[in-house]
Amino acid sequence: MLKYLSLLLVILATQSTLLRAQNPIIQTYYTADPAPMVYNGRVYLYTTHDEDETVDNFFTMYDWRCYSTADMVNWTDHGAVASLKDFKWSERTNGAWAPQCIERNGKFYLYCPIHGDGIGVLVADSPEGPFIDPIGKRLIESDNIWLDIDPTVIIDDDGQAYLFWGNPALKYAKLNEDMISCDMSLGDNGVKSVEMTHEGFGTKEGRDGEIVTTYTEGPWVYKDNDIYYLVYAAAGIPEYIAYSTSSSIEGPWEYKGFIMERADQLAFTNHPGIIDFKENSYFFYHSQGLPGGEGFRRSVCVEQFSYNADGSIPLLHPTKDGVKKGVAYLNPYRKVEAETIAWSEGVKTYSSRLTGMYLTAKHNDAFTKVRDVDFREKGSGSFTAQLATSLTGGVSMEVRLDSLTGKLIGTVDVPQTGSDEEWALTTIDVEKITGIHDLYFVFKGTVSGDILNFDYWSFSE
Ligand code: FUB
């Protein structure tokens, strides 16, 4: 009896951890090198993308993806917004490494390193793209383009924009106001190196026992309360995250120590991204925390944190829970994209010309969770979903409340639409729901393999 009781407790504990889990924040793809950007009441998150199949046991990365959120717990997938193919001047077929996007005068500039081929820039009228290459050539001409990776960008209070980048040297350039060319006055081809002092970047023991500075790669530069912060991957491999501060964007920098140390669920690389959003501060990084995860199959995570009174950043620990409390509720009475997800299992997202992004349930019992849905006092009447399936029957989608096995408020029998791209809008009556709930969409099908495609959903009041 005791044995069964302990087993039951283990199962319950595992399930409650799963249901609470919020990290990694993207479960449909392996993502890395987070670059968050706050714009117009949303956080846009640009990531690199580790392919599911790694080639030659190395980083296998062809495109850059974008996600966004208004609440910090439900993330909408905007798909691959740029790829190596957008840079016609580069012949690289692999190496879409850590990017960053910034807005200036209503345009969005995405700085992209192509490993081995330097840094390029793309521009778009919307944060979700489409992005195009406005210069048709490399943005930065430096003495060693192999070291030109991981750009980070800042527009200072006086309007001067700076790009920092590099591994293991940290370089920077002033960008002209057009954001797509460099101000050549700074030095060699407009490129200057940050002096790597022990005061500025701390010390560690090098491979041959010599004392070197901790800076490795992945810089993230920003300003908060008159302090310039330079956060970066540090201390070689495995990478820690450390930071330095300055009262001037061009330094000198003062080393402040680690923000994140080594932990089991972390990969051998790490990469920081820090923002303030709706009066909270968030630290983005990557781990190898998804099933199948490893150093070349990483996943973006986020932790909420508070600065210390003197502006210093506390030591942060990678967690599974991630962001515990969202900053807004989700409105179910508007069209909600199916690819707006707090947590999912067995699901991939794709894009089609007809519908834009949609999701595919890859097997029976695959599910998505949407957090903090506000049904208000008046409550819900009916539920509508746009779905497609090429299967001939036996396909349904359960709508459940608050847990995977929680109250079943309705089941949509997915009509035989004839193909994965033939969509049908189905409305069903659901039990009246009021107040705040998490929603679970559980996909059911009797065959193995892809079950259905799901485009969007809404409730009527
Ligand atoms: O993701 C490829 C490279 O690994 C990035 O450019 C580095 O920052 C490290 O995360």
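Rules of the game
Residues numbered from 1 in each chain as written. Predicted model: local features only at pLDDT ≥ 70, side-chain atom pairs only at ≥ 80, totals over all residues. Heavy atoms only, no water. Helix = DSSP H or I, 4+ residues; strand = E, 2+ residues; numbered from the N terminus. Rg over C-alpha atoms; globule rule 2.2 N^0.38 Å. Buried < 20%, exposed > 50% of the residue type's maximum accessible area, 1.4 Å probe, protein only. Contact = heavy atoms within 4.5 Å. Areas by Shrake-Rupley, 256 points an atom, 1.4 Å probe, with all protein chains shown as cover. Lys, Arg positive; Asp, Glu negative; His and termini not counted. Charge placed at Lys NZ, Arg CZ, Asp CG, Glu CD. Salt bridge = Lys/Arg side-chain N within 4 Å of Asp/Glu carboxyl O. Domains from an automatic or database assignment. Buried area = accessible area lost by both parts, 1.4 Å probe. Polar contact = N/O pair within 3.5 Å; in protein donor to acceptor, adjacent residues only side chain to side chain. Nonpolar A, V, L, I, M, F, W, Y, C, P; charged D, E, K, R; others polar. Near = heavy atom within 4 Å. Pairing = 2+ DSSP bridges. Axes fitted to C-alpha atoms, helices over the stretch in contact; angles between N-to-C directions.

Check the secondary structure of the protein chain and you find 2 helices and 32 strands. In terms of C-alpha radius of gyration, the protein chain reaches 23 Å, essentially the compact-globule figure of 23 Å for 461 residues. Based on the C-alpha atoms only, the size of the protein chain along its principal axes is roughly 65 × 55 × 45 Å. Counting all 461 residues of the protein chain, 59% fall into the buried class. Sequence-distant contacts, at least 24 apart, represent 59% of the contacts inside the protein chain between residues at least 6 apart. Entry remark: accessible area of the protein chain is about 19,500 Å², with carbon and sulfur atoms responsible for 49%. Averaging the coordinates of the 38 positive side-chain charges in the protein chain and doing the same for the 65 negative ones gives two points 4 Å apart.

Below, the discussion takes up the side chain of Ser382. Tracing the chain through its elements places Ser382 in strand β27 (residues 382-388). Ignoring any residue separated from it by four or fewer positions in sequence, one finds Ser382 in contact with Thr427, Ile428, Asp429, Val430, Ser458, Phe459 and Ser460.

Another aspect to go through is the pattern of salt bridges. In this structure the tally under the stated criterion is 16 salt bridges. Put simply, Asp52 and Lys348 hold a salt bridge, and the shortest N to O gap is 3.0 Å. Highlighted residues: Asp52 in the loop between β2 (42-50) and β3 (63-69) and Lys348 in strand β24 (residues 347-352), separated in sequence by 296 residues. Across the pair Glu461 and Arg376 runs a salt bridge, and its minimum N-O distance is 3.2 Å.

This brings us to the domain arrangement of the protein chain. Domain boundaries assigned for the protein chain yield domain 1 (28-305) and domain 2 (336-459). Centre-to-centre separation of domain 1 and domain 2, based on C-alpha positions: 35 Å. For the pair domain 1 and domain 2, the summed buried area comes to about 1,000 Å², and 47% of that belongs to carbon and sulfur atoms. Together, Thr28, Val73 and Asn74 form the three largest contributors to the area buried by domain 1 at its contact with domain 2, with a combined 49%. Where domain 1 touches domain 2, the interface holds 1 salt bridge. Between the two partners, domain 1 and domain 2, sit 9 residue pairs in polar contact (both at pLDDT 80 or more). Among the elements that take part in the side of domain 1 that touches domain 2, strand β4 (residues 75-83) stands out by supplying 5 residues, more than any other. Residues of the side of domain 1 that touches domain 2, tallied by class, amount to 3 nonpolar, 5 polar and 3 charged.

Another point: the site of the ligand. By nearness alone, every residue bordering the ligand is listed as Asp33, Phe59, Met61, Trp97, Ala98, Asp150, Glu217, Thr269, His271, His286 and Arg298. The contact in question runs from an oxygen atom of the ligand to an N or O atom on the side chain of Arg298, over 2.8 Å. Contact with the protein chains removes 99% of the 270 Å² of surface that the ligand exposes when unbound. Looking at side-chain class alone, the shell around the ligand contains 4 nonpolar, 3 polar and 4 charged residues.

The next subject is the sheet that holds strand β19 (residues 280-287). Reading across the sheet, the 3 strands line up as β18-β19-β20 and stay open at both edges, with antiparallel pairing between neighbours. Looking at which strands have only one partner, the edges of the open sheet turn out to be β18 (273-277) and β20 (299-305). Pairwise comparison of adjacent strand axes, ignoring direction, gives a mean angle of 30° for this sheet. In terms of strand pairing, β19 meets β20 through 7 bridges, oriented antiparallel. Bridge pairing links Phe283 to Glu303 in β20.

Glycine aside, a negative phi is what most residues show, and trans is what most peptide bonds show. Omega for the bond connecting Gly129 with Pro130 falls within 30 degrees of zero, at 5°, which places this linkage in the cis form. Secondary-structure assignment places Pro130 in the loop between β7 (118-124) and β8 (152-155). Note that the residue after Asn167, namely Pro168, is joined by a cis bond; omega there is -5°. Inspection of the secondary structure assignment puts Pro168 in the loop between β9 (161-165) and β10 (171-175). One non-glycine residue, Asp226, lies in the positive phi region at around 65°. What makes Asp226 exposed here is its relative accessible area of 61%. Its identity is not glycine, yet Arg376 carries a phi of approximately 60°, on the positive side. Secondary-structure assignment places Arg376 in the loop between β26 (367-374) and β27.

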